[in-house]
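Observations on the model geometry
Listed below, chain by chain, are the residues.
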Amino acid sequence: MARQQRLFPQGKYILRTPRKSQNGQVYAVYLYYYWLGKQVRRSVDLTVALKDWNQDANGGAGEFRPSYGPNYKERNAYLRELMHDIDSKIMDYIKQHGEIDGDTIEAFVSGDDKVLRSDNGIDFIEFAKQRFIDRYNSGKIGVSSRENGISYINQFGKFLKQEHRGSHGENKELLYLGEITEQLVLDFRNWQLGNDRKVDTVNKVVQAIAGVCSYASQMKYVPIEVTLAIKDLHLSDKSLDADEVRVKYLTEEQLKEFASIRETLPHIRMKEFHDMFMFSFYACGLRLIDMMTLRWVDIDFKKQVIRKVQVKTRNRNVIPIREAAIEILDRWKGRYKVFVFGLLPDKFDLNNDEELRRRRNSVTNTINTSLKRQSKFANFEFEITFHWARHTWAVLALEKGVEINKISRLLGHVSSAISERIYAEFLPDTLGEVVDGLDFKF
């Protein structure tokens, strides 16, 4: 009886070994697919000795043996997740097209899934700018409208880059056309308002984006309901209340849930980023840049305080730390000699502002990517970023009745006016309690 041909490819992990392998040598692990005469393979940036690898395990897909060491479970979980992601894309493609070829599998293995996208993987910024150029070339707008439109789109691109709000790219600065959402444009609008942009200017930028989305909707790249929602973000009032700029934070119950997931996280690095988020919260909302530059010499365990110069303000701040923060620090003792969390090399020059900024952007992107995944483990219907730890501490402290001027000092703000502006929406109840306590009546 002839062997029945499989309807879809199945991947496996193999070691790339020479003809004469040696037991003491470690070899690279490759993800391998074979389909319709085409071989596709990709390194997964892991190495293992022959004795620590079991090719027959996991249904023949291969996995690390327990003899590999304490991290073998995390390594195997990583391999299974990676293959599952590619297999899911392959199956989705087959459902859409009925078949698949080797070139498409190769694209999925390399991380390119544009063929699955309804927008064909078109970049939003490039599409938007080209739209203004095309309208100018067809005589529908003048040169000033073209240049203004491109400038507005560049402002949106700046937001994506600085805030890492895109979906891909080295620093999450790129966005596929079909990924534009009302929430993303709303956050961009608030970002501009927070940078003291005039309401009229903000409206022009938002409506430029809406116009691009309207055209994209005609081409079935953007859902029409998304376009209509973005058009509704126009601000009719010339004045704007402070609470238009939203502070994102976790409630006390949500924070408890997030804190509880640490031991369920599948990878060591995810647990480490979880530690950093929680330490930031316990250390009175310590900024990520100050987490990066936190040295062991900055911590006085006897007096339970952190004394360091904050990178952003250049002010020296004293931050009390208590049991929860110290427990995290105890887990990190002995790992790195100079910087507590190992986010900078021991000999890093803290006076090199440009290199520090570059490393901060890279670290921010890495940690936020992990925290977005961790949000799913906590069953959140939203994705958190590292800065939520800072806002969460401030909001919960306000809810506990801590005075805004004290919160401002612990956050390291230059003045309490900054704190009042950022957390204005959380102040009325607290201030109301102060007035109630006075109970003036003459």
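Keep in mind the model is a prediction, meaning the values are calculated, not measured. (Residues numbered from 1 in each chain as written. Predicted model: local features only at pLDDT ≥ 70, side-chain atom pairs only at ≥ 80, totals over all residues. Heavy atoms only, no water.)

1. Observations concerning the overall build of the protein chain
- When you go through the protein chain residue by residue, the secondary structure sums to 16 helices and eight strands.
- Expressed along its principal axes, the backbone C-alpha trace of the protein chain runs to roughly 100 × 70 × 40 Å.
- Out of the 442 residues belonging to the protein chain, those deemed buried represent 42%.
- The contacts in the protein chain between residues at least 6 apart in sequence include a share of 58% that link residues at least 24 apart.
- A total of about 25,100 Å² of accessible surface is found on the protein chain, and carbon and sulfur atoms cover 47% of it.
- Here the protein chain contributes 68 positive and 61 negative side-chain charges, whose respective centroids are spaced 6 Å apart. (Helix = DSSP H or I, 4+ residues; strand = E, 2+ residues; numbered from the N terminus. Buried < 20%, exposed > 50% of the residue type's maximum accessible area, 1.4 Å probe, protein only. Contact = heavy atoms within 4.5 Å. Areas by Shrake-Rupley, 256 points an atom, 1.4 Å probe, with all protein chains shown as cover. Lys, Arg positive; Asp, Glu negative; His and termini not counted. Charge placed at Lys NZ, Arg CZ, Asp CG, Glu CD.)

2. Comments concerning the sheet that holds strand β8 (residues 316-320)
- Spatial ordering of the open sheet is given by β6-β7-β8, a layout of three strands whose pairing is antiparallel. The sheet terminates laterally at β6 (299-300) and β8, the two strands that pair on one side only.
- In this structure, β6 lies alongside strand β7 (residues 305-309), joined through two bridges in antiparallel fashion. Considered in β7, the bridge of Asp 300 is made with Val 305. (Pairing = 2+ DSSP bridges.)

3. Things to note about helix α7 (residues 224-231)
- Of all the positions in α7, only Val 226, Thr 227, Ala 229 and Ile 230 are classed as buried. Buried residues along α7 cover an arc of 165 degrees about the axis, so they all sit on one side. (Arc of directions from axis to C-beta.)

4. What about the nonpolar core?
- Ranked by size, the top nonpolar core spans 59 residues in total, and within it Phe 258, Met 276, Phe 277, Phe 279 and Phe 341 carry the most contacts.
- When residues of this core are assigned to their parent elements, the largest contribution, eight residues, is made by helix α13 (residues 387-399).
- Counting residues in each nonpolar core, the second largest holds 37 residues, with Ile 125, Trp 191, Val 202 and Val 226 among its members. (Core = buried A, V, L, I, M, F, W, Y, C linked by side-chain atoms within 4.5 Å.)

5. What to know about the packing of helix α3 (residues 124-137) against helix α6 (residues 199-218)
- Two elements in contact, α3 and α6, have axes separated by 10 Å at closest approach and are oriented at 90 degrees. By the angle between their directions, the pair α3 and α6 is classed as roughly perpendicular. Where α3 abuts α6, its residues Phe 124, Phe 127, Ala 128, Arg 131 and Phe 132 lie against Ala 208, Ile 209, Val 212, Cys 213, Tyr 215 and Ala 216.
- The residue makeup of the contact of α3 with α6, split by class, is 10 nonpolar, no polar and one charged. (Axes fitted to C-alpha atoms, helices over the stretch in contact; angles between N-to-C directions. Parallel < 35°, antiparallel > 145°, perpendicular 65-115°, else oblique. Nonpolar A, V, L, I, M, F, W, Y, C, P; charged D, E, K, R; others polar.)

6. Thoughts on the packing of aromatic side chains
- According to the stated counting rule, one finds 22 aromatic pairs in the structure shown.
- Between Tyr 249 and Phe 426 the ring centres are 5.2 Å apart and the planes differ by 90 degrees, which places this aromatic pair in the edge-to-face class. Placement of the pair is Tyr 249 in the loop between α7 and α8 (252-260) and Phe 426 in the loop between α15 (416-422) and α16 (427-438), with a sequence separation of 177 residues.
- Tyr 249 gets classed as partly exposed once you look at its relative accessible area, which sits at 24%.
- The class for Phe 426 is buried, based on a relative accessible area of 15%.
- One aromatic cluster in this structure is built from Phe 258, Phe 277, Phe 380, Phe 382, Phe 386 and Trp 388. (Phe/Tyr/Trp six-rings, centres within 6.5 Å; stacked < 30°, edge-to-face > 60°.)

7. Points about the side chain of Ser 375
- Of note, Ser 375 is situated in helix α12 (residues 353-377).
- Within the structure, the side chain of Ser 375 is placed 2.9 Å from the backbone oxygen of Leu 371, a separation counted as a polar contact. (Polar contact = N/O pair within 3.5 Å; in protein donor to acceptor, adjacent residues only side chain to side chain.)

8. Considerations on the pattern of salt bridges
- Per the stated rule, a full pass over the model turns up 21 salt bridges.
- Two residues, Arg 146 and Glu 147, come together in a salt bridge whose shortest N-O distance is 2.8 Å.
- Classification of Glu 147 as partly exposed rests on a relative accessible area of 39%.
- Its salt-bridge partner being Arg 335, residue Glu 272 comes within 3.1 Å of it at the nearest N-O pair. Within this pair, whereas Glu 272 is found in helix α9 (residues 268-282), its partner Arg 335 is found in the loop between α11 (323-332) and α12, the two being separated by 63 residues in sequence. (Salt bridge = Lys/Arg side-chain N within 4 Å of Asp/Glu carboxyl O.)

9. A closer look at the sheet that holds strand β2 (residues 26-35)
- Taken in spatial order, the three strands line up as β1-β2-β3 in an open sheet, and their pairing is antiparallel. Across the chains shown, the open sheet's two edge strands, defined by having one partner strand only, are β1 (12-15) and β3 (38-49). In this sheet, neighbouring strand axes are inclined to one another by 30 degrees on average, regardless of whether the strands run parallel or antiparallel.
- Looking at chain direction, β2 and β3 are connected through nine bridges and run antiparallel. Along β3, the bridge assignment pairs Trp 35 with Lys 38.
- In the packing of helix α2 (residues 102-109) onto the sheet, contacts are made with β2 and β3, and the angle to β3 comes to roughly 25 degrees.

10. So, the packing of α9 against α12
- Relative to each other, α9 and α12 sit at 95 degrees, their axes nearing to 10 Å. Taken together, the axes of α9 and α12 are roughly perpendicular relative to one another. In contact with Met 270, Phe 273, His 274, Met 276 and Phe 277 of α9, α12 contributes Thr 366, Ile 367, Ser 370, Leu 371, Arg 373, Gln 374 and Phe 377.
- For the contact of α9 with α12, the per-class residue count stands at seven nonpolar, four polar and one charged.

11. Considering the environment of Leu 50
- Along the polypeptide, Leu 50 turns up in the loop between β3 and β4 (53-54).
- A relative accessible area of 27% means that Leu 50 is categorised as partly exposed.
- Along the backbone, Leu 50 and Gln 22 are 28 residues apart, and their C-alpha atoms lie at a distance of 7.8 Å.

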